[in-house]
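# Topology and contacts: notes
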Amino acid sequence: MEQNIDCGILIKQIHSSLEKNANNYLRKLDLTFSQMETLLILQNITEKQLSLKQLEKQLYLAQSTTAGIIARLEKKGFVTSFSDVSDKRIKYVKITPLGQQYCQQSEQHRKKAEQEILSGLTQTEQEIFCALLKKVKDTLK
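Quick summary incoming for the structure in this document. (Residues numbered from 1 in each chain as written. Predicted model: local features only at pLDDT ≥ 70, side-chain atom pairs only at ≥ 80, totals over all residues. Heavy atoms only, no water.)

## Examining the packing of helix H2 (residues 33-43) against helix H5 (residues 97-118)
Definition in use: To define axes, lines are fitted to C-alpha atoms, for helices over the stretch in contact only, and angles between the resulting N-to-C directions are given on a 0 to 180 degree scale. Starting at the N terminus, helices and strands are each numbered in turn, a helix being any DSSP run of H or I of at least four residues and a strand any DSSP run of E of at least two. Just so you know how the angles are binned, under 35 degrees is roughly parallel, over 145 roughly antiparallel, 65 to 115 roughly perpendicular, and the rest oblique. Working rule for contacts: check all heavy atoms of both residues, and any pair within 4.5 Å makes them a contact. Here the nonpolar group is Ala, Val, Leu, Ile, Met, Phe, Trp, Tyr, Cys and Pro; Asp, Glu, Lys and Arg are the charged ones; every other residue, Gly included, is treated as polar.
For the pair H2 and H5, the least separation of the axes is 10 Å and the interaxial angle reads 105°. The orientation of H2 relative to H5 falls into the category roughly perpendicular. Contacts from Met36, Leu39, Leu40 and Gln43 of H2 reach H5 at Gly99, Gln100, Tyr102, Cys103, Gln104 and Ser106. Across the contact of H2 with H5, the residue classes tally to five nonpolar, five polar and no charged.

## Details of the pattern of salt bridges
Selection criterion: By definition, a salt bridge exists where a carboxyl oxygen of Asp or Glu is found within 4 Å of a side-chain nitrogen of Lys or Arg. Think of it in three bands: residues with accessible area under 20% of the maximum for their type are buried, residues over 50% are exposed, and the middle band is partly exposed, with areas taken using a 1.4 Å probe on protein chains only.
Under the counting rule described, the total for this entry stands at seven salt bridges. Note that Lys76 and Asp30 form a salt bridge whose closest N and O atoms lie 3.8 Å from each other. Placement of the pair is Lys76 in the loop between helix H4 (63-75) and strand E2 (79-83) and Asp30 in the loop between helix H1 (7-26) and H2, with a sequence separation of 46 residues. The partly exposed category is assigned to Lys76, whose relative accessible area is 28%. Salt-bridge contacts for Lys53 lead to Glu56; the nearest nitrogen and oxygen are separated by 3.6 Å. Taken as a pair, Lys53 and Glu56 lie in helix H3 (residues 52-59) at a separation of three residues, close to a single helical turn. Overall, the relative accessible area of 9% leaves Glu56 in the buried class. In the salt-bridge network here, residues are joined through shared partners; they are Glu107, Arg110 and Glu114.

## Considerations on the sheet that holds strand E1 (residues 49-51)
Defined as follows: At least two bridges found by DSSP between two strands are what make those strands a pair.
With antiparallel pairing, three strands are arranged side by side in an open sheet as E1-E3-E2. The sheet is open, and its two edges are formed by E1 and E2, each paired on a single side. Taken over all neighbouring pairs, the strand axes of this sheet differ in orientation by 25° on average, direction set aside. As paired elements, E2 and strand E3 (residues 91-95) share five bridges and run antiparallel to each other. In the strand pairing of E3, Ser83 is matched with Lys91.

## Brief notes about the packing of H1 against H5
Two numbers describe a pair of packed helices, the interaxial angle and the distance between the axes. To be explicit about the condition: Here a crossing is called left-handed whenever its near helix is offset anticlockwise from the far helix by less than a right angle, and right-handed whenever the offset is clockwise.
Running from amino to carboxyl end, H1 crosses H5 at an angle of 150°, the nearest separation of the two axes being 11 Å. Classified by the angle between their axes, H1 and H5 sit roughly antiparallel to one another. Seen from above, H1 lies across H5 with right-handed handedness. In this structure, H1 contributes Leu18, Asn21, Ala22, Tyr25 and Leu26 to the contact, and H5 contributes Gln105, Ser106, His109 and Ile117.

## Things to note about the nonpolar core
Put simply, the rule reads: As used here, the term nonpolar core means buried Ala, Val, Leu, Ile, Met, Phe, Trp, Tyr and Cys residues forming a set that is joined through side-chain atoms within 4.5 Å.
In this structure, Leu31, Leu39 and Leu55 are the most contacted members of the largest nonpolar core, which totals 23 residues. Residue assignment for this core shows that the elements contributing at least two residues are H1, H2, H3, H4, E3 and H5. Top contributing element to this core by residue count: H2, with four residues. When sequence neighbours within four positions are dropped, the list of residues in contact with Leu55 reads Thr38, Ile41, Leu42, Leu50, Thr66, Ile70 and Val93.

## Quick notes on the packing of aromatic side chains
Put simply, the test is: Note on aromatic contacts: the rings of Phe and Tyr and the six-membered ring of Trp form a pair at centre separations within 6.5 Å, being stacked when their planes are under 30 degrees apart, edge-to-face when over 60 apart, and tilted otherwise.
The tally for this structure, following the rule as stated, stands at two aromatic pairs. Pairing Phe78 with Tyr102 gives two aromatic rings, centres 4.7 Å apart and planes at 55°, and the pair type is tilted. Of the two residues, Phe78 is situated in the loop between H4 and E2 and Tyr102 in helix H5; the sequence distance between them amounts to 24 residues. Tyr102 matches Phe78 in its accessibility class, with the two residues each being buried. Arranged with centres 5.8 Å apart and planes meeting at 20°, the rings of Phe82 and Tyr92 form a pair that is stacked. Pair noted here: Phe82 is in strand E2 and Tyr92 is in strand E3, with a separation of ten residues, a long-range link. By relative accessible area, Phe82 is classed as partly exposed at 34%.

In structure tokens:
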């Protein structure tokens, strides 16, 4: 095993490669990686909506950045936003049927990209790799 391995750099390089690949595909759908990530978060929640504050935390982004992503997605018709009935300061974001449709279209591409990434590993290594990634992610909360 390499002595001077820098996990942070390797993670960044993997992320950059994944993001570049995804953006090349998503460009055809008029979406970015960050926009699709936002849609997928909303798609995978039973209520199909979150408060802007909850979304910021899920995306690990600043409020201003998240608000910009939402504004662009809303302009494209992929999400709607609205204020809480009892507290107008709370803003909610909900995925639209069009946004859900685009999530389904991109799911096949995401699965193919994931298969490609993991293709150099055995099934056991894939399971261990994913478990370790989850463990590292969980320590960051």
